[in-house]
Amino acid sequence: MGEREYLEYYALNRRGVSGWFKIRGYVLERKLYLFHRITGILIVLFMLPHFYSTGWHPGLWWDALLGIIITFHVANGIRLTLLELLGIGIGKPLLVKKPFQRPVSIEGKQRYLLALTILLFLVLAIIWSYYAVLVKPLMGG
Amino acid sequence: MMEQSSIDLWKPVKVVKLRVYKYNPKKDFFPEWKEYEIEVSRGTTILDALLRIKEEIDPSLSFRYSCGQALCGSCAMMVNGRQMLVCRTRVLEVAHNRDFIELRPLDNFSVIRDLVGDFTPFFEKHRAVKPWIIRKDVEELENPTGEYRQTIEEYARYYQFTDCLKCGACYSACPTVATDHEYLGPQALAQAYRYMVDSRDDGLDERIAIVDSDHGCWRCHFATSCSDVCPKYVDPGQGIQLLKRLIVRRKFGFRPHKPAEVLPSKIGEVKRR
């Protein structure tokens, strides 16, 4: 980068992709946002050889990792769809606020949905890993 | 334990280092960090500390502030990497287990000088969602015969979002704004929702055309940092999700409210006893 680019970089003060990774000190939902982005990109990368030959898969432990990536993206995607399109657990705007009240959208019922999402992710990931690591090699896959 | 008198509150209790971002894009090539040591008492806010530095140590330090009581939203900046209003945050609150505080201008706002960010794009986006009441009955607006009736339930739908200070903390914390600079941002979208559910407003479809766009509300993926950092607990994250739900429902023909009736004015009719 030249002088002009450096000046623009500091003067514009834009976080860019590093803004996604700035998760320290923020709520859990922001961490899930980052994981959702990363897993989404990784799935796209997997899709390229997968579309070339649909029978292709990366291998024993890589299969389990692929399962973790896809099940997380699916479970979190279901949660986001329910939240964004149907507004489940998002709560109502408040008429009277206490002086130091945490936001309803963070502390409200959507946290139960978040717990369910993580549970769903764990169950799906364990089933997929069990299949990929133990069952599939026995079947000669 | 001895009871503390009110005078003790002003006694210096700790020496704190303030690492402040110094940068003038018109003159400097790189930004630099300057450290100032300052004695603080229990009640010293970061704004107090900055003002004392400006008066006693470094008059060239630039920062923006106005009311000093968390009502104007001018003094938002990054304190130890998190968006805060410095007029409301006490030094010891953020430095209780460390001896320095790091102050930066808000992320995603271009730097004018030191801790001052440029809010022009932020306010332009706010203006883009038409943050005013749009009415179709021009005759009533020109020659008002009364006031618009609104129930407490209708008022409760949007009251929370009227507390917005436009301090830019939510816009700065949003990870989507970090990569998509044309994204309207949490503040503008929450304000769009605030006017769309107001029963006195007729501009629902007009605003849907603005927010239901490429850089509109569908870019939000519920990272909730906006609600997390909001100093007035406005909860823009909730507003955006409700806005998305409203748009989905609108596609099925739903309207959030009936148009507000005009309540005939009683001025002049009330008799004094």
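The rules behind each value
- Residues numbered from 1 in each chain as written.
- Chains lettered and ligands numbered in written order.
- Predicted model: local features only at pLDDT ≥ 70, side-chain atom pairs only at ≥ 80, totals over all residues.
- Heavy atoms only, no water.
- Helix = DSSP H or I, 4+ residues; strand = E, 2+ residues; numbered from the N terminus.
- Buried < 20%, exposed > 50% of the residue type's maximum accessible area, 1.4 Å probe, protein only.
- Contact = heavy atoms within 4.5 Å.
- Areas by Shrake-Rupley, 256 points an atom, 1.4 Å probe, with all protein chains shown as cover.
- Lys, Arg positive; Asp, Glu negative; His and termini not counted.
- Charge placed at Lys NZ, Arg CZ, Asp CG, Glu CD.
- Axes fitted to C-alpha atoms, helices over the stretch in contact; angles between N-to-C directions.
- Parallel < 35°, antiparallel > 145°, perpendicular 65-115°, else oblique.
- Left-handed = near helix turned anticlockwise from the far one by under 90°.
- Nonpolar A, V, L, I, M, F, W, Y, C, P; charged D, E, K, R; others polar.
- 1 Å grid on protein atoms, 1.4 Å probe; cavity = no way out; pocket = protein on both sides within 12 Å on 5 of 7 lines; lining within 4 Å.
- Points joined across faces, edges and corners; volume = space filled by probe spheres on them.
- Buried area = accessible area lost by both parts, 1.4 Å probe.
- Salt bridge = Lys/Arg side-chain N within 4 Å of Asp/Glu carboxyl O.
- pLDDT = per-residue confidence, 0-100.
- Pairing = 2+ DSSP bridges.
- Core = buried A, V, L, I, M, F, W, Y, C linked by side-chain atoms within 4.5 Å.

Draft legend 1. Fine view of the overall build of chain B. Helix and strand counts for chain B come out as 11 helices and nine strands. With the C-alpha coordinates of chain B rotated into their principal frame, the extents come out at 60 × 60 × 35 Å. Counting every position in chain B, which comprises 273 residues, the buried fraction comes to 50%. For chain B, the share of sequence-separated contacts (at least 6 apart) that also reach a separation of at least 24 residues comes to 68%. Summed over all atoms, the accessible surface of chain B reaches about 13800 Å², with 51% contributed by carbon and sulfur. In chain B, the 42 positive side-chain charges and the 39 negative ones have mean positions that sit 2 Å from each other.

Draft legend 2. View of the side chain of Thr176(B). Structurally, the position occupied by Thr176(B) is in helix 7 (residues 175–179). On the accessibility criterion, Thr176(B) (4% relative accessible area) is buried. With near-sequence residues (within four places) excluded, Thr176(B) lies in contact with Tyr33(A), Tyr183(B) and Arg219(B).

Draft legend 3. Broad picture of the packing of helix 8 (residues 185–196) of chain B against helix 11 (residues 236–251) of chain B. Residues and elements named next belong to chain B. Closest axis-to-axis distance for the helix 8/helix 11 pair is 8 Å, and the angle between their directions is 55°. The orientation of helix 8 with respect to helix 11, classified from their angle, is oblique. For the pair helix 8 and helix 11, the crossing hand works out as left-handed. Across the interface between the two elements, Pro 186, Leu 189, Ala 190, Tyr 193 and Met 196 from helix 8 touch Pro 236, Gly 239, Ile 240, Leu 242, Leu 243 and Leu 246 from helix 11. Grouping the amino acids of the contact of helix 8 with helix 11 by side-chain chemistry returns 10 nonpolar, one polar and no charged.

Draft legend 4. Just the layout of surface pockets, in detail. In this model, the largest pocket occupies a volume close to 830 Å³. Elements represented by at least two residues in the lining of the largest pocket include exactly strand 3 (76–79), strand 4 (82–85), helix 2 (91–94), strand 5 (100–104) and helix 10 (225–229) of chain B. Of the residues belonging to the lining of the largest pocket, the class tally is 14 nonpolar, eight polar and nine charged. Put simply, the second largest pocket is a space of about 370 Å³. What lines the second largest pocket is a set of 16 residues, and nearest its centre among them are Pro93(A), Arg157(B), Tyr193(B), Leu242(B) and Arg245(B). For the lining of the second largest pocket, the leading source of residues is helix 11 of chain B, giving four residues.

Draft legend 5. Just the interface of chain B and chain A, in detail. Taken together, the contact pairs 53 residues of chain B with 44 residues of chain A. When chain B packs against chain A, close to 4100 Å² is buried across both sides, 58% of that on carbon and sulfur atoms. Among the residues chain B hides against chain A, the three largest losses belong to Phe29(B), Phe222(B) and Tyr233(B). Together they make up 16% of the total. Inspection of the chain B/chain A interface yields three salt bridges. Across the pair Asp228(B) and Arg102(A) runs a salt bridge whose closest N-O atoms are separated by 3.2 Å. Within the residue set of the side of chain B that touches chain A, elements represented by two or more residues are strand 4, helix 5 (152–156), helix 7, helix 10 and helix 11 of chain B. The element best represented in the side of chain B that touches chain A is helix 11 of chain B, accounting for six residues. Here the residues of the side of chain B that touches chain A are counted per class, giving 28 nonpolar, 14 polar and 11 charged.

Draft legend 6. Structural context of the confidence of the model for chain B. Scored by pLDDT, chain B comes out at a mean of 90, with 95% of its residues at no less than 70. As a predicted assembly, this complex carries a pTM of 0.90 together with an ipTM value of 0.88.

Draft legend 7. Layout of empty space enclosed by the protein. Residue and element names in this part refer to chain B. Per the stated rule, a full pass over the model turns up five cavities of 30 Å³ or more. Residue assignment for the lining of the largest cavity shows that the elements contributing at least two residues are helix 6 (169–173) and helix 8. Here the lining of the largest cavity takes four residues from helix 8, the largest share from any one element. Considered class by class, the residues forming the lining of the largest cavity number 11 nonpolar, three polar and two charged. One number sums up the size of the second largest cavity: a volume of about 100 Å³. Contributing to the lining of the second largest cavity are 16 residues, with Cys 174, Cys 220, Ala 223, Thr 224 and Cys 226 lying nearest its centre. Only helix 7, helix 10 and helix 11 provide two or more residues apiece to the lining of the second largest cavity. Looking at the lining of the second largest cavity element by element, the count peaks at three residues for helix 11.

Draft legend 8. A look at the pairing of strand 1 (residues 14–22) of chain B. Residues and elements named next belong to chain B. Summarising the sheet, strand 1 and strand 2 (residues 32–40) pair through nine bridges and their orientation is antiparallel. Bridge pairing in strand 2 places Arg 19 opposite Glu 35. Where strand 1 meets strand 5, four bridges bridge the pair, whose relative direction is parallel. Looking across to strand 5, one finds that Arg 19 is bridged to Glu 102.

Draft legend 9. Spotlight on the nonpolar core. One finds Leu18(B), Leu50(B), Leu103(B) and Val211(B) to be the most contacted residues of the largest nonpolar core, which totals 75 residues. With six residues, helix 8 of chain B is the single largest residue contributor to this core. Apart from residues no more than four positions distant in its own chain, Leu18(B) is found in contact with Lys34(B), Glu35(B), Tyr36(B), Ile38(B), Ala49(B), Leu50(B), Ile53(B), Ile101(B) and Leu103(B). If you look at the next biggest cluster of nonpolar residues, it comprises six residues, including Leu32(A), Phe72(A), Leu114(A) and Phe121(A).

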